[in-house]
Amino acid sequence: MYGVSRNFDKFRRALSSLFTLRCVCCGKAAADGKCLCADCESDLVPAVKLRPGEGLYFSRFAAKYEYSGGAKTAFLRFKFSGDYRLCSDTVFDWLLSAFDENFSPEEFDFIIPVPAFGGRKARFSALVKRLAHYREIPFAPELLVKTRKTEKQHNLSAELRKTNLAGAFCADPAVLKKRILLVDDVMTTGNTVNECSKALAAAGAASVAVLTVLKTNPFEKI
């Protein structure tokens, strides 16, 4: 199954490489199916490595790039544009690279995406599923669910962000004594992944690590 998925992905990428894509930042030619040109890609800022501290329910955190410049432009195109597939492979490559640079498959029993309502989140969940297939880790989105709708975090003050998501997630008992990799697209304050990790910990997960594609300034407002 995993081999079939990877082979199809390679075929699709090879097909897309026959067409010249334009960089979503500057309009120059972008080679190899990417949505950024070589110049814009070279300007991406690697994410600073951070160690989660007191009051957090996850023990490890990793991201690929800072949420700025070309990385931000490509991600917003992926998340909100109707032609999001133009940047989907680029965002996936960043996610896969962040995983390989910081983790190994044998460290985890399940990969779980941060749950949410709405179709845009489903776009990213599909990339998390691809990551699970590529690294042969069970993909288990059903083990963590969002139980109620909440306000968009970016619309709220720092204080309201802390309470907006409280109790909004529930983990399945199947996570008991399991090692979880929780995956989200962008880390901002860290409140969302912390609430998810709290639910997983309450259900008895042995450990929770967090992986995101991009980050801003996590942990500082939790």
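Residues numbered from 1 in each chain as written. Predicted model: local features only at pLDDT ≥ 70, side-chain atom pairs only at ≥ 80, totals over all residues. Heavy atoms only, no water.

A short note on the sheet that holds strand β7 (residues 179-187)
Item 1. On the basis of which strands lie adjacent, the open sheet formed by four strands has the order β3-β8-β7-β4 and parallel pairing. Looking along the sheet, the strands with just one partner apiece sit at the ends: β3 (60-66) and β4 (110-113). Across the sheet, the mean angle separating the axes of adjacent strands is 20° when strand polarity is ignored.
Item 2. Bridge count for β3 against strand β8 (residues 207-215) is six bridges, and the pairing is parallel. Pairing of Ala62 across the sheet is with Leu211, part of β8.
Item 3. Lying over the sheet, helix α7 (residues 191-202) contacts β4, β7 and β8, oriented at roughly 165° with respect to β7. (Pairing = 2+ DSSP bridges. Helix = DSSP H or I, 4+ residues; strand = E, 2+ residues; numbered from the N terminus. Axes fitted to C-alpha atoms, helices over the stretch in contact; angles between N-to-C directions. Contact = heavy atoms within 4.5 Å.)

Concerning the pattern of salt bridges
Item 1. Within the structure shown, the criterion is met by nine salt bridges.
Item 2. Here Arg130 makes a salt bridge to Asp89, at a shortest N to O gap of 3.3 Å. Residue Arg130 is located in helix α5 (residues 119-134), and its partner Asp89 is located in helix α4 (residues 85-102); the two are separated by 41 residues in the primary sequence.
Item 3. Judged by its relative accessible area of 17%, Arg130 is buried.
Item 4. Given a relative accessible area of 6%, Asp89 falls into the buried group. (Salt bridge = Lys/Arg side-chain N within 4 Å of Asp/Glu carboxyl O. Buried < 20%, exposed > 50% of the residue type's maximum accessible area, 1.4 Å probe, protein only.)

Regarding the packing of aromatic side chains
Item 1. One pass over the full model with this rule turns up seven aromatic pairs.
Item 2. Note on Phe103 and Phe108: the rings are 5.4 Å apart at their centroids and 75° apart in plane angle, and the pair reads as edge-to-face. Both residues of the pair, Phe103 and Phe108, count as buried.
Item 3. Among the aromatic residues, those joined into a ring-pair cluster are Tyr67, Phe75 and Phe78.
Item 4. Positioned over the ring face of Phe92 is Arg130, at 4.0 Å from the centre of the ring. (Phe/Tyr/Trp six-rings, centres within 6.5 Å; stacked < 30°, edge-to-face > 60°. Lys NZ or Arg CZ within 6 Å of the ring centre and 35° of its normal.)

With respect to the nonpolar core
Item 1. One finds Leu36, Trp94, Leu181 and Leu211 to be the most contacted residues of the largest nonpolar core, which totals 39 residues.
Item 2. Elements supplying a minimum of two residues to this core: β3, α3 (69-80), α4, α5, β7 and β8.
Item 3. In terms of residue count, α4 provides more of this core than any other element does, eight residues in total.
Item 4. Other than its neighbours up to four places away in sequence, Leu181 contacts Phe99, Phe103, Phe108, Phe110, Ile111, Ile112, Ala209, Val210 and Leu211.
Item 5. Grouped together as the second largest cluster of nonpolar side chains are 27 residues, Ala47, Val114, Val175 and Met187 included. (Core = buried A, V, L, I, M, F, W, Y, C linked by side-chain atoms within 4.5 Å.)

Let's talk about α3
Item 1. Between the first and last C-alpha of α3 there are 17 Å, a value that for twelve residues agrees with the 16 Å anticipated at 1.5 Å per step.
Item 2. Of all the positions in α3, only Gly70, Ala71, Ala74, Phe75 and Phe78 are classed as buried. Here the buried residues of α3 occupy an arc of 130° about the axis, which is enough to place them on one side. (Expected span 1.5 Å × (residues − 1). Arc of directions from axis to C-beta.)

Here's the deal with the environment of Thr188
Item 1. Along the polypeptide, Thr188 turns up in the loop between β7 and α7.
Item 2. On the accessibility criterion, Thr188 (35% relative accessible area) is partly exposed.
Item 3. It is 8.8 Å that separates the C-alpha atoms of Thr188 and Leu214, two residues lying 26 residues apart in sequence.

Topic: the environment of Asp93
Item 1. Examined against the element boundaries, Asp93 turns out to sit in helix α4.
Item 2. Note on Asp93: relative accessible area 27%, which makes it partly exposed.
Item 3. Taking the C-alpha atoms as reference points, Asp93 and Leu127, separated by 34 residues in sequence, lie 9.5 Å from one another.

Let's talk about α4
Item 1. Counted at 1.5 Å a residue, the expected span for α4 with its 18 residues is 26 Å, and the 26 Å between its end C-alpha atoms agrees.
Item 2. Where α4 is concerned, the buried positions are Cys87, Ser88, Asp89, Thr90, Val91, Phe92, Trp94, Leu95, Leu96, Ala98 and Phe99.

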